[in-house]
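Okay, here's what each chain looks like letter by letter:
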Amino acid sequence: MTDKSGVAKRREEIRVQHFAKEDLWTGEGEKGWFSVPRTLPLVLALLSSKEISKKHDPSSVYLELLSRQRGEGVIEMGHETEHAFASGYVGSRAVRTWLERMKILEDNGFIRTLQVGNQRYKYVAIVHPTTAVQQLRNKKKVDENWWNAYLANKRESKEPTFEQRELKKAGAQKVVSMPAIGKKVIPVKSATK
């Protein structure tokens, strides 16, 4: 059994006291689920905003894509009708509606795609949501109130900001400190080739 934090213990007590007879979703020991950032509800709200999507909300398409991603960040797409239906679109315009939403996601930097033969969306790469959101902010497409809520949510969930992610990526490059004047210089071999 794992050692639980104070918050986890309190929630366990609440579950036992108030919801003991319910079949609750915990994800523990489950298969068939996917990992998403805790800021996802805000990202979906941003996607559905007029600044991003006008009248064509792509949030259900984005959620469907996220659910198919299995940790590699890339999806090998099935048939368009299958994706359209899973995104909530039915009827004669289902595929057309889905295609319009895919274009919105691509145009706004949430996905990158590769066409193979006649299949317009054969491979879809999910861009890190933090990167996509930052790019939209740089283009002044993100409302200030939404942005403040997003940053507060990231802080609370300890999800790294765009800047923190960039620093971490840059940290992969080795920083070598210079010796003080008058000290013997010891050669340092670079870790990169």
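Provided above is the structure to which this section pertains.
The text that follows walks through the structure, step by step, so that each part is easy to find. (Residues numbered from 1 in each chain as written. Predicted model: local features only at pLDDT ≥ 70, side-chain atom pairs only at ≥ 80, totals over all residues. Heavy atoms only, no water.)

### Brief notes about the packing of helix H2 (residues 40–48) against helix H8 (residues 144–157)
Applied cut-off: Axes here mean lines fitted to C-alpha atoms, for a helix over just the part in contact, with angles spanning 0 to 180 degrees between N-to-C directions. Put simply, DSSP marks the helices as runs of H or I at least four residues long and the strands as runs of E at least two long, and each gets a number from the N terminus on. Orientation is classified from the angle alone, with under 35 degrees giving roughly parallel, over 145 giving roughly antiparallel, 65 to 115 giving roughly perpendicular, and any other angle giving oblique. Here a crossing is taken to be left-handed if its near helix is turned anticlockwise relative to the far helix by less than a right angle, and right-handed if that turn runs clockwise. It only takes one pair of heavy atoms within 4.5 Å for two residues to be counted as in contact.
One way to put it is that H2 packs onto H8 with a least axis distance of 10 Å and a crossing angle of 160°. Here H2 lies roughly antiparallel to H8, going by the angle between them. Crossing handedness for the pair H2 and H8: left-handed. In contact with Leu42, Val43, Ala45 and Leu46 of H2, H8 contributes Trp146, Ala149, Tyr150 and Asn153.

### A few points about the pattern of salt bridges
Quick note on the threshold: The term salt bridge refers to a side-chain nitrogen of Lys or Arg lying within 4 Å of a carboxyl oxygen of Asp or Glu. Accessible area is worked out with a 1.4 Å probe on protein chains only. A residue is then buried under 20% of its type maximum, exposed over 50%, and partly exposed in between.
With the rule as written, the count across this model stands at 11 salt bridges. Ionic pairing is found between aspartate 107 and lysine 103, a salt bridge with its closest N-O pair at 2.9 Å. Of this pair, aspartate 107 and lysine 103 both sit in helix H6 (residues 94–107), separated by four residues, roughly a single helical turn. Overall, aspartate 107 belongs to the partly exposed group, its relative accessible area being 48%.

### Structural notes on the sheet that holds strand S3 (residues 119–126)
The cut-off we apply is this: Between any two strands, at least two bridges found by DSSP are needed for them to pair.
In space, the three strands of this open sheet follow the order S1-S3-S2, with antiparallel pairing throughout. Two strands bound the open sheet, and with one partner strand each, they are strand S1 (74–76) and strand S2 (111–116). Each neighbouring strand pair of the sheet contributes to a mean axis angle of 30°, computed without reference to strand direction. Two elements, S2 and S3, share five bridges in a ladder whose sense is antiparallel. Considered in S3, the bridge of arginine 112 is made with alanine 125. Across the sheet, helix H4 (residues 59–68) touches S1, S2 and S3, and the angle it forms with S3 is around 75°.

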